[in-house]
Amino acid sequence: MASTFHHLTILSPPSSIALATRLLRTIPLSSPSLSVSTSRSNKHFSGSAMASAARKVLVPIANGSESTESVLVVDILRRAGADVTVASVEKQLRVEARREVKIIADALISDCADTTFDLISLPGGIPGAATLRDCKILESMVKKQAADGRFYAAICAAPALALGSWGLLKGKKATGYPHFMEQLSASAIPVESRVQQDGKVVTSRGPGTTMEFAIVLVEQLFGKDKADEVSAPLVMRPNHGDEYNVLELNPMEWTFDNCPKVLVPIADGTEEMEATIIIDVLRNAGAEVVVASVGDKLDIVASRKVKLAADMLLEEAVKFSYDLIVLPGGLGGAQAFANSEQLVNLLKKQKEANRPYGAICASPALVLEPHGLLKGKKATSFPALCNKLSDQSEAENRVVIDGNLITSRGPGTSMEFALAIVAKLFGPKKALDLAKRLIFVYP
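Just so it is clear, the structure is predicted and the values come from calculations on it, not from any experiment. (Residues numbered from 1 in each chain as written. Predicted model: local features only at pLDDT ≥ 70, side-chain atom pairs only at ≥ 80, totals over all residues. Heavy atoms only, no water.)

1. A word on the packing of aromatic side chains
As a reminder, the rule being used: Geometry of aromatic contacts follows a simple scheme: Phe, Tyr and Trp rings, the Trp one being its six-membered ring, pair when their centres are within 6.5 Å, and the pair is stacked under 30 degrees between planes, edge-to-face over 60, tilted otherwise. Labels follow the DSSP assignment, with helices taken as runs of H or I lasting at least four residues and strands as runs of E lasting at least two, numbered in each case from the N terminus. Note on exposure labels: buried denotes an accessible area under 20% of the residue type's maximum, exposed denotes more than 50%, and partly exposed covers the range between, all computed with a 1.4 Å probe on protein chains only. We call a charge positioned above a ring when the Lys NZ or Arg CZ atom is no farther than 6 Å from the ring centre and deviates by at most 35 degrees from the ring normal.
A complete count under the given rule lists 2 aromatic pairs for this structure. Taking the centre distance of 5.6 Å and the plane angle of 65° together, the rings of Tyr244 and Phe440 count as edge-to-face. A residue pair is termed long-range when its members are at least 10 positions apart, and Tyr244 in strand β15 (residues 244-249) and Phe440 in the segment after α16 (428-437) qualify at 196 residues. The exposure classification of Tyr244 matches that of Phe440, with both residues buried. Across from the ring centre of Tyr442, 5.6 Å away, lies the NZ or CZ of Arg194, which sits over that ring. Here the basic side chain of Arg237 rests over the ring of Phe440, its NZ or CZ set 3.7 Å away from the ring centre.

Next comes the structure, spelled out in structure tokens:
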């Protein structure tokens, strides 16, 4: 039977898995629809015109920047071929974003002051957005960007706190995080669109709208064909902001003492969007998340060259027990996981103890399947790798829970995946409340 939690629908079979299969199927994802409000006509760069020249993009970050809003924009723009510089406005390259996600910038903002960028995009987060606002070098750069008629963008708290404070939204329609809409109304024409474009400025609402925001930025820089090309393999939701579905088979309670302890391994080549969303959402919900590097150093270079820092090395992390182990994807990262005897042994012990474990994107097919960790289980994986699953009967679902196992498909399903984990650990109400706060579903 199906038990529905408003935006989170979990299905379990009344008598057979076959019946549950019929009850829920995901919508085809080849062409997700983006809800973008455009206030003025604007010329897009065509894909052919831009093929010969990389577009230069600046993403400034600070301590307290929203990690999801920072990393997703960098990852997606780099997928499109943009030359993205992550610049720290702090005195050092290493930045501790919201919820203790550690990002190592490519440069200091002072190193970028004389560079011309095609786009400058500001993440939100508190106190990160306020720190960006107070950075005089950045303020000067963005004001010149606007004066020269080049693209600038901001999300979450940054439209009100930074762009609005600098007078760069005067007479323009803009959106932002709900908490800052009143402040935004003093410097812009406030609208509640998930993504809002007005001339050369693009604004958006929060972590749950970041992927849509980034795809719009791709379209502005490279054209619609490139935006479609980039969005297709992300496995984005077809209807942003609407309810999402999770298939649960053989339901069981995920138990823990006090606070759930979760291990998230990362390695060179890990998909940074998936890792960041999982870490951020689970910490936001109240879980104790240990980020462990599968390698000989804490710092890793993720699949789109975002540099992240782990909390500890895996050799230290394996000394502890976990209520959940969850693997992000990324081809290089998944291969590193599969080759790590320590990690594979820890996963096998987790399974034998009937404790929860999970994986997304490439990791179900490249890590769990070859090591026998999907035996007797229904699972999904990145679409191009589903042929490696021994049981593909539920592979079309975006998130699949089978007892103590949870799997999912790719970057565009990461938020649903993380929220499904929150629902299992803390209950569906907590997951729904968090989904609303993140602006992943409509409040």
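2. Quick notes on the nonpolar core
Side chains of a nonpolar character, in soluble globular proteins, are inclined to be buried together. What counts, and what does not: The set of buried Ala, Val, Leu, Ile, Met, Phe, Trp, Tyr and Cys residues whose side-chain atoms join them within 4.5 Å is what this entry labels a nonpolar core. The contact definition used throughout considers only heavy atoms, calling two residues in contact when any of these lie within 4.5 Å.
Ranked by internal contacts, the top residues of the largest apolar core, which has 83 residues, are Ile76, Leu77, Val262, Val281 and Ile421. The contacts of Ile76, once residues within four sequence positions are left out, are Met211, Ala214, Ile215, Val218, Val230, Leu234 and Met273. Membership of the second largest hydrophobic core comes to 33 residues, among which are Val89, Ile120, Leu122 and Ala157.

3. Focus on unusual backbone geometry
Between Ile126 and the following residue, Pro127, the backbone shows a cis peptide bond with an omega angle of 10°. Within the fold, Pro127 resides in the loop between β9 (119-122) and α4 (128-133). Positive phi, close to 50°, is recorded for Asn250, a residue that is not glycine.

4. Overview of the packing of helix α10 (residues 272-285) against helix α15 (residues 414-426)
In plain terms, the rule: For helices, the axis comes from a line fit to the C-alpha atoms of the stretch in contact; other axes are also lines fit to C-alpha atoms, and the angle between any two N-to-C directions lies between 0 and 180 degrees. Any angle that is under 35 degrees is reported as roughly parallel, and any over 145 degrees as roughly antiparallel; angles of 65 to 115 degrees are reported as roughly perpendicular and all others as oblique. Left-handed is the label given to a crossing in which the near helix is rotated counterclockwise from the far helix by less than a right angle, and right-handed is the label when the rotation is clockwise. Polar here means any residue other than Ala, Val, Leu, Ile, Met, Phe, Trp, Tyr, Cys and Pro, which are nonpolar, and Asp, Glu, Lys and Arg, which are charged; Gly is therefore polar.
The interhelical angle for the contact between α10 and α15, taken along N-to-C directions, is 30°, at an axis separation of 9 Å. As judged from the angle between their axes, α10 and α15 are roughly parallel. Pair α10 / α15 crosses with right-handed handedness. Taking contact as the criterion, the partners of Glu274, Ile277, Ile278, Val281, Leu282 and Ala285 in α10 are, on α15, Ser414, Met415, Phe417, Ala418, Leu419, Ile421, Val422 and Phe426. For the contact of α10 with α15, the residue count by class is 12 nonpolar, 1 polar and 1 charged.

5. Observations regarding the pairing of strand β16 (residues 261-266)
For clarity, the cut-off: In this description, strands pair whenever DSSP reports at least two bridges between them.
Along β16, 6 of the 6 residues are buried, which leaves the element largely enclosed by surrounding structure. Of the two faces of β16, the one holding Lys261, Leu263 and Pro265 and the one holding Val262, Val264 and Ile266 are both buried throughout. As paired strands, β16 and strand β17 (residues 288-293) are joined by 6 bridges and run parallel to one another. The residue of β17 that forms the bridge with Leu263 is Val290.

6. Regarding the packing of helix α3 (residues 67-79) against α10
Geometrically, a packed helix pair is captured by the angle between its two axes and the distance between the axes. At a closest axis distance of 9 Å, the pairing of α3 and α10 adopts a crossing angle of 170°. Judged by the angle between their axes, α3 and α10 are roughly antiparallel. In this structure, α3 contributes Ser67, Thr68, Val71, Leu72, Asp75, Ile76 and Arg79 to the contact, and α10 contributes Glu272, Met273, Thr276, Ile277 and Asp280. For the contact of α3 with α10, the per-class residue count stands at 5 nonpolar, 3 polar and 4 charged.

7. Here we look at empty space enclosed by the protein
Let me state the cut-off plainly: Each cavity reported here is a set of points on a 1 Å grid over the protein atoms alone in which a 1.4 Å probe fits but cannot get out, each pocket an open set with protein on both sides within 12 Å along at least five of seven lines, and each lining residue one with an atom within 4 Å of a point. Grid points are joined across faces, edges and corners, and a volume is the space filled by probe spheres set on the points.
Counted according to the given criterion, the structure contains 3 cavities of 30 Å³ or more. Estimates place the volume of the largest cavity at around 130 Å³. Taken together, 14 residues line the largest cavity, and the ones lying closest to its centre are Gly208, Met211, Gly412, Met415 and Phe440. The greatest single-element share of the lining of the largest cavity, amounting to 3 residues, is contributed by helix α8 (residues 210-222). Within the lining of the largest cavity, the residues separate by chemical class into 8 nonpolar, 4 polar and 2 charged. In terms of lining residues, the second largest cavity is bounded by Glu100, Val101, Lys102, Ile266, Ala275, Thr276, Ile279, Arg283, Val291, Leu308, Ala309 and Asp311. Of all elements in the fold, only α10 and β19 (307-309) reach the threshold of two or more residues within the lining of the second largest cavity. With 4 residues, α10 is the single largest residue contributor to the lining of the second largest cavity. Classifying every residue of the lining of the second largest cavity by side-chain character gives 7 nonpolar, 1 polar and 4 charged.

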